[in-house]
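An overview of the molecular structure
Here is how the chains run, residue by residue.
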Amino acid sequence: MYRLLLLVTLLSTSLSAQNKLEGWVTDPQGEALAGVNIYLKGSFIGTTSDADGYFKLDGLKPEGILVFSMMGFESVELALQNLDFAQKQKIQLKEAFNKLAAVTVNAGNIEVSDKKQAVVLRPLDIVTTSGALGNIIGALNTLPGTANNANDGRLFVRGGAADETAIFIDGLRLGNAYGSSLNGIPTRGRFSAQIFKGSFFSTGAYSAEYGQALSSVLSMNSLDFPLRRQTDLGISTVGGSLSHTEVWNRQSLTANLNYTNLSPYMALVPQNLEFTKAPQGICSEILFRQKAGKHGMFKAFYSFQNSNLGILRGQPDTNVLQAAQLKNNFHHFNLNYRQNIGKKHLLDGGLSFTGNLDDIQLDSLSIQQKGQLVHAKIRYQYFPAARISIKSGLEFFDQLYREEIQIGARQQDDLLGAAFAECDYHFSSDFLIKLGLRSSINQNSSYLMPRASLAYRLSLKSQFSLAYGDYVQEQAPNIRIQDVDLRAAKAQHLVLNYMYSTPKLTFRLEAFQKNYHELLRSNAGYNTNGEGYARGFDLFLRDRSSIRNLDYWITYSFVDSKRHWQAFESQVQPRFAPRHNASIVAKYWLNSLQSQVGTSFSINDGYSYDNPNLAGEMESRTKAFHSLNLSWSYLPRPNLIIHFEITNLLGRENIFNYQYSSSPGNDGQYSSMAIPQSATRFIFLGIFYTLSTDKNANQLNNL
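Let me sum up the structure you'll find in this document. (Residues numbered from 1 in each chain as written. Predicted model: local features only at pLDDT ≥ 70, side-chain atom pairs only at ≥ 80, totals over all residues. Heavy atoms only, no water.)

Taken as a whole, this structure holds 23 aromatic pairs when the rule is applied. Centroid distance Tyr206 to Tyr471: 4.4 Å. Interplanar angle 45 degrees. Geometry classified as tilted. Here Tyr471 lies in strand β25 (residues 462-473) and Tyr206 lies in the loop between β11 (199-202) and β12 (216-220), a separation of 265 residues in the sequence. In this structure Tyr206 comes out as buried when scored by relative accessible area, which is 2%. Here Phe464 and Tyr498 contribute two aromatic rings whose centre-to-centre distance is 5.2 Å and whose plane-to-plane angle is 50 degrees, an arrangement assigned as tilted. One end of the pair, Phe464, is in strand β25; the other, Tyr498, is in strand β26 (residues 489-501), and 34 residues separate them in sequence. Exposure remark for Phe464: the relative accessible area of 37% places this residue in the partly exposed category. Positioned above the aromatic ring of Phe168 is the side chain of Arg173, whose terminal nitrogen or guanidinium carbon lies 5.8 Å from the ring centre. (Phe/Tyr/Trp six-rings, centres within 6.5 Å; stacked < 30°, edge-to-face > 60°. Helix = DSSP H or I, 4+ residues; strand = E, 2+ residues; numbered from the N terminus. Buried < 20%, exposed > 50% of the residue type's maximum accessible area, 1.4 Å probe, protein only. Lys NZ or Arg CZ within 6 Å of the ring centre and 35° of its normal.)

For the rest of this paragraph, the subject is the pattern of salt bridges. All chains considered together, the criterion is met by 30 salt bridges. Across the salt bridge formed by Glu77 and Lys41, the nearest N and O atoms sit 3.2 Å from each other. Within this pair, whereas Glu77 is found in strand β6 (residues 76-79), its partner Lys41 is found in the loop between β2 (37-40) and β3 (46-48), the two being separated by 36 residues in sequence. Take Glu77: its relative accessible area is 47%, and that puts it in the partly exposed class. Overall, Lys41 belongs to the partly exposed group, its relative accessible area being 48%. For Asp152, the salt bridge is made with Arg154, and the minimal N-O distance between the two is 2.7 Å. Note on Asp152: relative accessible area 19%, which makes it buried. Since its relative accessible area comes to 29%, Arg154 is described here as partly exposed. A network of salt bridges, in which partner residues are shared, links Glu209, Asp348, Lys377, Arg379, Lys391 and Glu422. (Salt bridge = Lys/Arg side-chain N within 4 Å of Asp/Glu carboxyl O.)

Here we take up the nonpolar core. Formed by 33 residues in total, the largest nonpolar core has its most connected members in Tyr206, Leu214, Val217, Tyr516, Leu519, Trp565 and Phe576. Those elements that place two or more of their residues in this core are β9 (165-169), β25, β26 and β27 (505-521). Other than its neighbours up to four places away in sequence, Val217 contacts Ala166, Phe168, Phe200, Phe201, Ser202, Tyr206 and Tyr210. In this structure, Val157, Leu174, Tyr178 and Phe191 belong to the second largest nonpolar core, which totals 26 residues. (Core = buried A, V, L, I, M, F, W, Y, C linked by side-chain atoms within 4.5 Å. Contact = heavy atoms within 4.5 Å.)

This part covers the pairing of β9. With five of five residues buried, β9 is to be regarded as a mostly interior element. Side chains of β9 alternate between two faces, with Thr165, Ile167 and Ile169 and Ala166 and Phe168 buried alike. Relative to β12, β9 runs parallel, the two sharing five bridges. If you follow Ile169 over to β12, its bridge partner there is Met220. Where β9 meets strand β10 (residues 172-173), two bridges bridge the pair, whose relative direction is antiparallel. Following the sheet pairing, Ile169 is matched in β10 by Leu172. Once β9 ends, the chain turns through two residues before running back antiparallel as β10, passing Asp170 with a positive phi of about 50 degrees. (Pairing = 2+ DSSP bridges.)

Bringing the side chain of Thr129 into the picture now. When you line up the elements, Thr129 lands in the loop between α2 (123-128) and α3 (136-140). When its relative accessible area of 2% is taken as the criterion, Thr129 is described as buried. Excluding residues within four positions of it along the chain, Thr129 makes contact with Ala139, Thr142, Trp553, Val585, Lys587 and Glu645.

Shown next, in the form of structure tokens:
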């Protein structure tokens, strides 16, 4: 009897031990995971891991599926019949990949978007930045990496010339992106900010998708679908505007018309230049959108612009004034189609055409410059898994340039093809590597350009990014028309970025190194023996929470840039690349007055220039540039906006360069003439009214 009782007890204990499963749950680094749900699939049997990751389950049979699950980690399912119950289990859970929360590369990239947290600007900022006067380029010039050249108006990025920045609309290259102007009179971006949303501005080491830009890329995406049907009217001290948006079930159409005439304004406000023809022009834009199927979108965009201006300009060694007049006609047409194919494929592409004609009259000399650019592109994106995305594409450029002067005409037609491929792989939500390759070929040469970048997130709020790339850019059309065999200029970018971002605070610190090769030289003919570099760092801080109703950002950029190029015999600092640039932008909402008061202050340490009365090259510098701008927007009703703005409020006499006589005087000195701003201040007053069934609608709602 005693032996039978002992046998039953031992058997019972053995069976109990076999029905008990215990062990620990950790992450891949061996850290204990507390609170992991552990349960038998299809039953109520289960438990959770404790603070040490330990778990124990009794009464299990060696059959069925045991599940380990925890938010933020991939679930693990184990067949009980494959487990050794006598051994303590060691279960490892891998972090679940969340594509929406995954890290992205910030090195060199500044995103303008409403969709993501880690952005620097939002579309609304473009039209509400004091001093920008509603100009996309003006707002971007308050960002890190840019140099303020207020007498020019274009983008100068990290020691690069303005033509080293390429501008795209819906992925297609835009030719003649800035309005035509005469030397010393600032230009503007050509298009209305209200039709764009979700852009990005790359200050270096940009994606393999883009090419033909030594310094940077600005890619602007047009608005997919507006919110409502509405009509917008505007009248200002410089002209008037009319815009209408029509929305149907699957189509929408936006048409803009803008007329500018500064004659009345210049009759009241003194100018530093003598205008024979005040700047005036007309601009029309049409954007049509058609939804295609469930996930497709077709867009057609057309813009026409006509402008005219004339000035009398003094010369440093004579009392004779030189007359200059410019007439410009511009067309841009852009077709774009995007289609999701299932959940893993995206196909898009399009065709664009840009035509620009400048008629220039310099005293009795007539010059006509005609440019045309055709760009065709197709891009395919494949998402085989949540962690992987692959992008590839083909594109074709045809650029025509023609010059006509009184003694004859000449023309150059350049064809260029390119292919690109790029792969993103997320090792985890916190670690991304991107590898890319771009190739291009023209009539005379071909190039391979590798690109690589990575990003690592330190915490939910901070990350590091590193990016590298090789870049080429064909010489300017007005140069290639004289020597078609010139090779393209080259650059290598290296960018290191740290970013800390919360919904209300953004801080960026970025260092960069850019090396140039085969830059254009113009001594005794043209060659591409030039070289140079640009290096430095940027700081950016934006704060939207410390003071109620106040939004401000601070930018500082240091650039050490030298080039051995053009006709210079040594490496020189380009005149468009000040070493120190800084901006402060602030916006404060006065709820009691239904108003936003804005201000911006821009400063740099002056522009280098060549003084023939001194030894050396580019050895002189103008006094520092300062500009304090102020704006006030009043909304007496949601659909009525009254906007006032004044640039260079303090009236600082900024000098950008000096023009010297062609030969020395009797004293052996070259006489000089300062090149100032075309006007000390610019004053703007505009009234904007919106008609819509939604009485709260205004011109800012679609941004």
